[in-house]
Amino acid sequence: MSARQWAYLDHAATTPLDPRVLQAMLPYFNEDYGNPASVHGYGQRAEAAVEAARANLAAHLHCASHELVFTSGGTESNNLALRGAALAARQQRGARHLLVSPVEHDAVAKTARALAEQFDFELEWLPVDGFGRVDPADVARRLRPETALVSVILGNNEIGSLNPLAEIGAICRERGVPLHSDAVQAAAHLPIDVSGLQVDLLSISAHKFYGPKGTGVLYVRQGTPLLPQQIGGSHEEGRRAGTLNVPLIVGMAKALELTKNEMEEQGQRLRPLQDELIQGVLNAIPDAQLTGHPRERMANHASFVFEGVDGNALLMLLDDAGFACSSGSACKTANPEPSQVLLALGLTPQWALGSLRVTLGRESTPEQVQALLSVLPALVARARQLELA
Ligand SMILES: *Cc1c(COP(=O)(O)O)cnc(C)c1O
């Protein structure tokens, strides 16, 4: 990384670890190293820490402690939710239809495709509007008695849009079909209430809200059939085997608590910066569009497409100028294919290849937004010339 790198504007990819979270974790890397499954005092101390973290997370998510399963992050939570619930629904009631939004993170989209290809599920993609939002009426129309699972992302990582999840949840609940939501991005910006949202399964990941990488949670509503996907010891009530990662779990609970406490204040601080960024880009750059909904979006998220631009070339120009941004999803960098999410909005590949995502966070300043706006028009123009050359 160059020494001039100074503006980190990629909080949807990951966030810096909050120093208060690091402090909370440290004892569990050092003196309190016990295995929470052990009977002795070392084990008891570790177990007490894990159960305190679980209770704290449950209070913030509005569920019971035993409805939370610790995982290795958002990817594993999504895999466990889709595979575990789909395979259980097939085993218990012969259900083999999956209903999934077309704007999911790859951890959902590719898992759904794998279920179709390897386990013979019938995968149906829901329609979305031009902002990437699912209409609850479309869910109602497409639900079948043999639908195994519905999955709809809450806050979109690439385009920032929020889905009307509570309405979708009410429909799925009435029809008796489990609903999963990937709330990995949304958890940093919205209070997540799993009972209000009426979801049965919900994924979160600590490193998207200033916690450590490699740890997450899957909420599993009591009574939701779920086949474990990782087998071994009887950890997590048989739902996910493996010794619990005590320090990371402690850190995740602390990180969510701090995020919840500071969410409103951060939202009020970020909204005006988001507005300035979006208006500044649309006013100064020709052939530019905002992607995602103008209002129903997360407070830190600004995403665009520029016609006739190679998104990766633009990212490198930005990096040289000292700005760390993204083309959409961190996992898609270096992939010349246009994003499936952007194509689902109805954009042509010519537009979709020129994507830019700027995601603000706690350390982002008005000066950084101003500085970005002062260089971006010229960098987009340069990227366009590169395309023509
Ligand atoms: C980051 C992200 C994931 C993956 O989470 P990891 O903890 O990095 O595996 C899944 N879904 C969304 C929406 C994300 O933003």
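Refer to the structure above for everything that follows.
Computed from a predicted structure; not experimentally measured. (Residues numbered from 1 in each chain as written. Predicted model: local features only at pLDDT ≥ 70, side-chain atom pairs only at ≥ 80, totals over all residues. Heavy atoms only, no water.)

**Student:** What is the right way to read empty space enclosed by the protein from this model?
**Tutor:** Vacant regions in the atomic arrangement are exposed by a probe of water-molecule size rolled over the atoms. For the structure shown, the criterion picks out 2 cavities of 30 Å³ or more. Taken as a whole, the largest cavity spans an internal volume of roughly 40 Å³. In terms of lining, the largest cavity is formed by His60, Leu61, Ala187, Leu190, Pro191, Ile192, Ile204, Leu256, Lys260 and Met263. Every element with two or more residues in the lining of the largest cavity is listed here: α2 (41-61) and α8 (246-284). Ranked by residue count, the leading element in the lining of the largest cavity is α8, at 3 residues. In this structure, the second largest cavity spans a volume of roughly 30 Å³. Along its surface, the second largest cavity is lined by Glu158, Thr291, Ser303, Phe304, Ser327, Gly328, Leu342, Ser355, Leu356 and Arg357. Residue assignment for the lining of the second largest cavity shows that the elements contributing at least two residues are β10 (301-306) and β12 (355-359). (1 Å grid on protein atoms, 1.4 Å probe; cavity = no way out; pocket = protein on both sides within 12 Å on 5 of 7 lines; lining within 4 Å. Points joined across faces, edges and corners; volume = space filled by probe spheres on them. Helix = DSSP H or I, 4+ residues; strand = E, 2+ residues; numbered from the N terminus.)

**Student:** Would you take a moment to explain the site of the ligand for this structure?
**Tutor:** Near the ligand there are 13 residues, and of these Thr75, Asp182, Gln185, Ser205 and Lys208 occur at the shortest range. Between Thr75 and the ligand, the recorded distance is 2.6 Å, taken from a side-chain N or O atom to an oxygen atom. Here Lys208 contributes a side-chain N or O atom positioned 2.8 Å from an oxygen atom of the ligand. Surface burial for the ligand is 87%, taken as the share of its 380 Å² of free accessible area covered by protein chains. With 3 residues, helix α3 (residues 74-93) is the single largest residue contributor to the shell around the ligand. The class makeup of the residues in the shell around the ligand is 2 nonpolar, 9 polar and 2 charged. (Near = heavy atom within 4 Å. Polar contact = N/O pair within 3.5 Å; in protein donor to acceptor, adjacent residues only side chain to side chain. Areas by Shrake-Rupley, 256 points an atom, 1.4 Å probe, with all protein chains shown as cover. Nonpolar A, V, L, I, M, F, W, Y, C, P; charged D, E, K, R; others polar.)

**Student:** Hey, could you run me through unusual backbone geometry in this one?
**Tutor:** Residues apart from glycine generally show negative phi values, whereas peptide bonds are mostly found in trans. Of note, Gln198 is a non-glycine position whose phi angle comes to about 60°, a positive value. In this structure, Gln198 sits in the loop between α7 (194-197) and β7 (201-205). With relative accessibility at 23%, the residue Gln198 sits in the partly exposed group. One non-glycine residue, Glu237, lies in the positive phi region at around 55°. Relative to the helices and strands, Glu237 is located in the loop between β8 (216-220) and α8. (Buried < 20%, exposed > 50% of the residue type's maximum accessible area, 1.4 Å probe, protein only.)

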